[in-house]
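Spelled out, the chains give:
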Amino acid sequence: MIDAMMEGFSGRSLSFLGIGHTIEHEHLTSEQAIVEAGLDWSVKLEPAWRKKKNGTVTKVEDRYFIVRQDNDTVLGSVGKAYRPLQNKDAFTFADLLVENGKAEFIAAGALKGGKQIFLVAKLGKTWTVLDGDKHEMYVVFRSGHDGGRAVQELITPVRLACLNMMSIATARAHARVSVVHSTKMEVRLQEANVTLGRVADYVKEYGELADRLGGIRLTDKRLRVVLDDLLPDRPQIEEVKNDIIEVRHQSPALEAHRGDAWGALNAGTEYFEHGRRGHGREGRFVDVTEGYARRVRNQLAEALDAAA
C-alpha cells in the first residue's frame, strides 16, 4: 500500500479540489463564487408530516423540513425557531478579505447532497517554518442545511512538500471556530478583522510548534510507543503503525526530517490524508477537516510535543 502511495505522490491534490468546483476568476465576491460553483440554489422550510401506523398522514407540531428547492430534497428537520441561511448569504463577511487584497476564493462545493456547503479562500503568500519548510494558508468556510451547523471557519496551513492539510489546534490559537453571520457592515468588518487576527495568531503558534517538534529527536521505537498510546486497539492497527513508520522513511517530502518529531507528525498526517484506504474524495475531505484523521493529527501533535 505504501509503495502505491509513494508512486502517486506527484499526482496528489488538495482534498477540496477533488470534490468542489475550482474557481477560475479572481476578485469574486462570495456570492459570485457560489454562483460559479453551481451552489446558487435555495432552501425553504416546509411543514413536517409523518405517516402513522394506520396509514393516515398527520402534521408534526412545530417541526419543519429543510427542503432544497432545485431538486425537492429534504436536507434536515428543525424546530419553529430555526431560520435558514441561504448559500449566497452565508459567507458575505469574508468578502472584505478579498476586497482588501488579503484573500482569494479558490474553490467551493457541496457535501452530503447539499446538507453542507463550503467555500475555500487562500490567504497571503507562501510562508515557511523551520528555515525553509514552505506552506500556504487556507481558510475553509462551511455552512449547513441539516439544522445542526453554524457557519464555521477552519484555518488550515498546507505543507507544500506533501500537500498535507496541517490544521492543528494549539493551546492559544484555535483552528476551527464558529462565525457570527450578520448583514450589518460593521459586524462583517469586525468578523473579517477577527479572522485575520486568528490567522496571524495561528501562524505564530504553528511556527513555534514546528520549531519545538523539529528540535525533538525521535527514534522509530519511541514513535511506536506514542502510536501505541494514541491509536485504538482495532484489527490491523499494527499494520497502520508500520505504515506510518514506513512513510517516515520513504516519503520524499520528509527527507530533511526523518529523525525528528516534525517528520513523525507529517508521516502520520500524510498516511491518514493520502494513504488510508476506503475513502472517496468527499469522505477524505470530511475526514481531514472534521473526522478521525483530524482528531488523530491533533492528538499526535500534542503527544509528540510532550515527548521532549
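Above this text sits the structure in question.
**Student:** Explain the overall build of the protein to me, please; I cannot follow it from the model alone.
**Tutor:** Check the secondary structure of the protein and you find nine helices and 10 strands. For the protein, whose C-alpha radius of gyration is 21 Å, the value lies close to the compact-globule estimate of 19 Å for 308 residues. Referenced to the eigenvectors of the C-alpha coordinate spread, the extents of the protein come out at roughly 65 × 55 × 35 Å. If you sum the accessible surface of the protein, you get close to 14,700 Å²; carbon and sulfur atoms cover 48% of it. With 43 positive and 44 negative side-chain charges, the protein shows a spacing of 6 Å between the two charge centroids.

**Student:** What am I meant to see in the sheet that holds strand E4 (residues 73-79) here?
**Tutor:** Taken in spatial order, the three strands make up an open sheet running E2-E3-E4, and their pairing is antiparallel. What marks the edges here is a single partner per strand, and that holds for strand E2 (43-51) and E4. Between one strand axis and the next, the sheet turns by 45 degrees as a mean value, whatever way the strands run. In terms of strand pairing, E2 meets strand E3 (residues 57-68) through eight bridges, oriented antiparallel. The residue of E3 that forms the bridge with Val-43 is Arg-68.

**Student:** In this structure, what is going on with the environment of Asp-89? I would like to understand it.
**Tutor:** Mapped onto the fold, Asp-89 is located in the loop between E4 and helix H3 (95-99). Counting along the chain gives 59 residues from Asp-89 to Ser-30, while the straight-line C-alpha distance between them is 8.1 Å.

**Student:** Could you clarify how one ought to interpret the packing of helix H5 (residues 220-230) against helix H6 (residues 237-250) in this entry?
**Tutor:** When two helices pack together, you describe them by how their axes are tilted relative to each other and by the distance separating the axes. Closest axis-to-axis distance for the H5/H6 pair is 11 Å, and the angle between their directions is 140 degrees. On the basis of the axis angle, H5 is oblique to H6. As for how H5 packs across H6, the hand of that crossing is right-handed. Each of Asp-220, Leu-223, Arg-224, Leu-227 and Asp-228 in H5 lies in contact with H6, whose residues at this interface are Glu-238, Lys-241, Asn-242, Ile-244, Ile-245, Arg-248 and His-249. Its residues assigned to classes, the contact of H5 with H6 shows four nonpolar, two polar and six charged.

**Student:** Can you help me understand unusual backbone geometry in this one?
**Tutor:** A negative phi angle is the norm for most residues apart from glycine, just as the trans form is the norm for most peptide bonds. For Leu-163, which is not glycine, the phi torsion reads 60 degrees and is therefore positive. Along the chain, Leu-163 turns up in the loop between strand E8 (152-159) and strand E9 (164-165). Although it is not a glycine, Gln-236 adopts a positive phi angle of roughly 70 degrees. Among the structural elements, Gln-236 can be located in the loop between H5 and H6.

**Student:** Can you help me understand the pattern of salt bridges in this one?
**Tutor:** A side chain of one charge can pair with a side chain of the opposite charge when the charged atoms of the two come close. Applying the stated criterion across every chain yields a total of 12 salt bridges. The partner of Lys-122 in a salt bridge is Glu-136, and the shortest N-O contact between them spans 3.2 Å. Taken together, the residues Lys-122 in strand E6 (residues 116-129) and Glu-136 in strand E7 (residues 133-144) connect sequence positions 14 residues apart. By relative accessible area, which is 14% here, Glu-136 ends up buried. The salt bridge involving Asp-133 is made with Arg-159; its shortest N-O contact spans 2.9 Å.

How each quantity is defined
Residues numbered from 1 in each chain as written. Predicted model: local features only at pLDDT ≥ 70, side-chain atom pairs only at ≥ 80, totals over all residues. Heavy atoms only, no water. Helix = DSSP H or I, 4+ residues; strand = E, 2+ residues; numbered from the N terminus. Rg over C-alpha atoms; globule rule 2.2 N^0.38 Å. Areas by Shrake-Rupley, 256 points an atom, 1.4 Å probe, with all protein chains shown as cover. Lys, Arg positive; Asp, Glu negative; His and termini not counted. Charge placed at Lys NZ, Arg CZ, Asp CG, Glu CD. Pairing = 2+ DSSP bridges. Axes fitted to C-alpha atoms, helices over the stretch in contact; angles between N-to-C directions. Parallel < 35°, antiparallel > 145°, perpendicular 65-115°, else oblique. Left-handed = near helix turned anticlockwise from the far one by under 90°. Contact = heavy atoms within 4.5 Å. Nonpolar A, V, L, I, M, F, W, Y, C, P; charged D, E, K, R; others polar. Salt bridge = Lys/Arg side-chain N within 4 Å of Asp/Glu carboxyl O. Buried < 20%, exposed > 50% of the residue type's maximum accessible area, 1.4 Å probe, protein only.

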